[in-house]
Amino acid sequence: MASNTELFERASRVIPGGVNSPVRAFRAVGGTPRFIARGEGAYIYDAEGKRYVDYIGSWGPMILGHGHPAVLEAVTKAAAEGFSFGAPTEREIELAEEILKLVPSMDQVRLVSSGTEATMSAIRLARGATGRAKFIKFEGCYHGHTDALLVKAGSGLATFGHPTSAGVTPGAAADTVVLEYNNVEQLEAAFAQYGDQLACVIVEPIAGNMNFVRASLPFMSALRRLCTAHGALLVLDEVMTGFRVALGGAQAHYARLIPGFAPDISVFGKVIGGGMPLAAFGARREVMQHLAPLGGVYQAGTLSGNPVATACGLATLREIQKPGFFEALSAKTCQLIDGLSAVAAENGVPFSADSEGGMFGFFLMPELPQNYATVMTTDKTRFNSFFHAMLDAGVYLAPALYEAGFVSAAHSQADIDATLAAARTALR
Ligand SMILES: *Cc1c(COP(=O)(O)O)cnc(C)c1O
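As the structure is a computational prediction, the values presented were derived from the model and not from experiment. (Residues numbered from 1 in each chain as written. Predicted model: local features only at pLDDT ≥ 70, side-chain atom pairs only at ≥ 80, totals over all residues. Heavy atoms only, no water.)

**Topic: the sheet that holds strand β12 (residues 233-238)**
Strand pairing in a sheet relies on backbone hydrogen bonds. The paired strands run either parallel or antiparallel. Read from one edge of the open sheet, seven strands run β4-β14-β13-β12-β9-β5-β8, paired in mixed fashion. Strands with a single pairing partner mark the edges of an open sheet, and in this sheet they are β4 (108-112) and β8 (176-179). In this sheet, adjacent strand axes meet at a mean angle of 20° when their direction is disregarded. Two elements, β12 and strand β13 (residues 265-268), share four bridges in a ladder whose sense is parallel. Its bridge partner being in β13, Val235 is matched across the sheet by Ile265. Sitting on the sheet, helix α6 (residues 184-194) is in contact with β5 (134-138), β8 and β9 (198-203), with an inclination near 170° to β5. Its contacts with the sheet put helix α7 (residues 217-230) on β5, β9 and β12, and the angle it makes with β12 is roughly 140°. (Pairing = 2+ DSSP bridges. Helix = DSSP H or I, 4+ residues; strand = E, 2+ residues; numbered from the N terminus. Axes fitted to C-alpha atoms, helices over the stretch in contact; angles between N-to-C directions. Contact = heavy atoms within 4.5 Å.)

Following this line, the structure appears as structure tokens:
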């Protein structure tokens, strides 16, 4: 049996950095990434046979835990019928109908293979539908690795963005305006300056790529109001929050708090594929009709709506609609973060935590941060030693302080208790 270290060395010879997505490399926390051999329910097992309680769940998709019997059966059956045809299938309709039933802000949806593809296409659709070029994004929100989205704020208020990645040209970043999350004043100023040139604003309603930061109600209300007033489209990136924080996504949560609230375009991923490569974007019919083959906005994909992926997504969406599913998941997640907060208090460690549905975040600071700059003031050394102590104790948290955590339906009371027992030592 090869060790994690041996596998990492071997991987590093043939795969850049030994990983196929950077955060897996443990660069933020140091140490050797665990190579996962298999998952079962709430657990993953590494190449050395060590078991971990899994709070990453493939970064969100595994809301039912690993190897859920109904999902496994659906996937196995679909695989036996054929992996891919490059022609339409009935299951794509079923999945689209299921998604639309749960998300009333959309009349139509287009299926793609990754969140990156979905947000990229949503931006193109917004630009095509409005005939405008510029758009707003917020610091700390991640929308996949499309050129125009790998952009950070320039110096000064509401200036155009600078690439955050080599290989992204200034031209690709030139129409992206990057603002601070939860800053209504800056948003107003940006709309005053560029309002009639803005195709859309793209935002994570609960930002899960800077740990866990909610859009405040005044901020979300201002987003809706300003987009409507200036003819820009509001794009909610629910790749992480969709079917994870509530059955109807974060937009259902905000619609309860802000009467009449709805986005113009919604983007989904992660949970809707149940662990298979599948994502989607959707909107009202008037907007979606701009897409090829109906309209002039080109968008396509060889494996889009893949028959095995759609089977996995459908089976997952059916399970999470069972009565009491989200109530139980939310209660369990609350129990975890309340428990962690209590342990931190016992140990005199500054701590704050928040959750919605099966998504959570915690901070080694006394108050919940409202934006990326504050998140990044976290005591990194302390976080990293906490992370490694938990990992050694068999609890797999996200290997970076700016990532959210996820609880699945498979996590048991015993798993939560074991996690809190580990934290009691790790937070000392
Ligand atoms: C994960 C994520 C993406 C990118 O999805 P991929 O499937 O990794 O391309 C986009 N937006 C948000 C909010 C995400 O969390």
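Having put the structure on the table, let's press on.
**Points about the site of the ligand**
The local shell around the ligand consists of Ser114, Gly115, Thr116, Tyr142, His143, Gly144, Glu204, Asn209, Asp237, Val239, Met240 and Lys270. Gly115 has a polar backbone atom sitting 2.8 Å from an oxygen atom of the ligand. In the environment of the ligand, a nitrogen atom lies 2.7 Å from a nitrogen or oxygen atom belonging to the side chain of Asp237. Considering the ligand on its own, with 380 Å² of exposed area, one finds that the protein chains cover 82% of that surface. Among the residues forming the shell around the ligand, the class breakdown is three nonpolar, six polar and three charged. (Near = heavy atom within 4 Å. Polar contact = N/O pair within 3.5 Å; in protein donor to acceptor, adjacent residues only side chain to side chain. Areas by Shrake-Rupley, 256 points an atom, 1.4 Å probe, with all protein chains shown as cover. Nonpolar A, V, L, I, M, F, W, Y, C, P; charged D, E, K, R; others polar.)

**Here we look at the pairing of β13**
Looking along a regular strand, one sees the side chains alternate between the two faces of the sheet. Burial along β13 is two-sided: Ile265 and Val267 facing one way and Ser266 and Phe268 facing the other are all buried. For the handedness criterion, the β-α-β arrangement of β12, helix α8 (residues 249-257) and β13 is classed as right-handed. In this sheet, strand β14 (residues 279-283) lies alongside β13 in antiparallel orientation, the contact comprising four bridges. Note on β14: the bridge partner recorded for Val267 is Phe281. (Buried < 20%, exposed > 50% of the residue type's maximum accessible area, 1.4 Å probe, protein only. Right-handed = clockwise from strand over helix to strand, strands pointing away.)

**Let's talk about the pairing of strand β2 (residues 43-46)**
Here β2 shows no split at all, with Tyr43 and Tyr45 on one side and Ile44 and Asp46 on the other all buried. Hairpin remark: strand β1 (residues 36-40) followed by β2, antiparallel, with two residues in the connecting loop; positive phi at Gly41, about 60°.

**Focus: the domain arrangement of the protein**
One frequent convention defines the size of an interface as the accessible area lost when the parts assemble. Under the domain assignment, the protein is made up of domain 1 (4-67 + 323-426) and domain 2 (69-320). Just the C-alpha atoms count here: the centres of domain 1 and domain 2 sit 25 Å apart. Counting from both sides, the interface comprises 31 residues of domain 1 and, opposite them, 32 residues of domain 2. Taking both partners together, domain 1 and domain 2 bury about 2,600 Å²; carbon and sulfur atoms supply 62% of that area. By the criterion of area lost to domain 2, the three top residues of domain 1 are Phe326, Glu356 and Met359, representing 24% of everything that side buries. Applying the counting criterion to the domain 1 and domain 2 interface returns two salt bridges. In this structure, the salt-bridge partner of Glu356 is Arg214, at a minimum N-O distance of 3.0 Å. Viewed at the interface, domain 2 and domain 1 are joined by 15 residue pairs in polar contact (both at pLDDT 80 or more). Those elements that provide at least two residues to the side of domain 1 that touches domain 2 are α11 (325-346), β15 (352-356), β16 (359-363) and α12 (372-375). (Domains from an automatic or database assignment. Buried area = accessible area lost by both parts, 1.4 Å probe. Salt bridge = Lys/Arg side-chain N within 4 Å of Asp/Glu carboxyl O.)

**Details of the packing of helix α3 (residues 90-102) against helix α10 (residues 307-320)**
In contact at an axis separation of 9 Å, α3 and α10 are set at 35° when each is read in the N-to-C sense. Like other packed secondary-structure pairs, α3 and α10 cross with a definite hand, here left-handed. Across the interface between the two elements, Arg91, Glu92, Glu94, Leu95, Glu98 and Ile99 from α3 touch Pro307, Thr310, Ala311, Gly313, Leu314, Leu317 and Arg318 from α10. (Left-handed = near helix turned anticlockwise from the far one by under 90°.)

**Looking at unusual backbone geometry**
Here Ala292 and Pro293 are connected by a cis peptide whose omega angle stands at 10°. Residues other than glycine seldom take positive phi values, yet Ser58 does so here, at roughly 60°. Within the secondary structure layout, Ser58 lies in the loop between β3 (51-54) and α2 (69-81). According to the relative accessible area criterion, Ser58 is partly exposed, its value standing at 41%. In this structure, Asn182 is a non-glycine residue whose phi angle is positive, near 65°.

**Some details on the state of the cysteines**
Summed over the entire model, instances satisfying the criterion amount to zero disulfides. For the unlinked cysteine Cys200, the closest cysteine sulfur is that of Cys227, found at 8.0 Å. (Disulfide = S-S within 2.5 Å.)

**Observations regarding the packing of α11 against helix α14 (residues 413-426)**
For any two helices packed against each other, one specifies the crossing angle of their axes together with the interaxial distance. Here α11 crosses α14 at 20°, and the two axes come no closer than 10 Å. Regarding the angle of α11 to α14, the classification is roughly parallel. For the crossing formed where α11 meets α14, the hand is right-handed. Across the interface between the two elements, Lys332, Gln335, Leu336, Gly339, Leu340, Val343 and Glu346 of α11 pack against Gln413, Ile416, Thr419, Leu420, Ala423 and Arg424 of α14. The class makeup of the residues in the contact of α11 with α14 is six nonpolar, four polar and three charged. (Parallel < 35°, antiparallel > 145°, perpendicular 65-115°, else oblique.)

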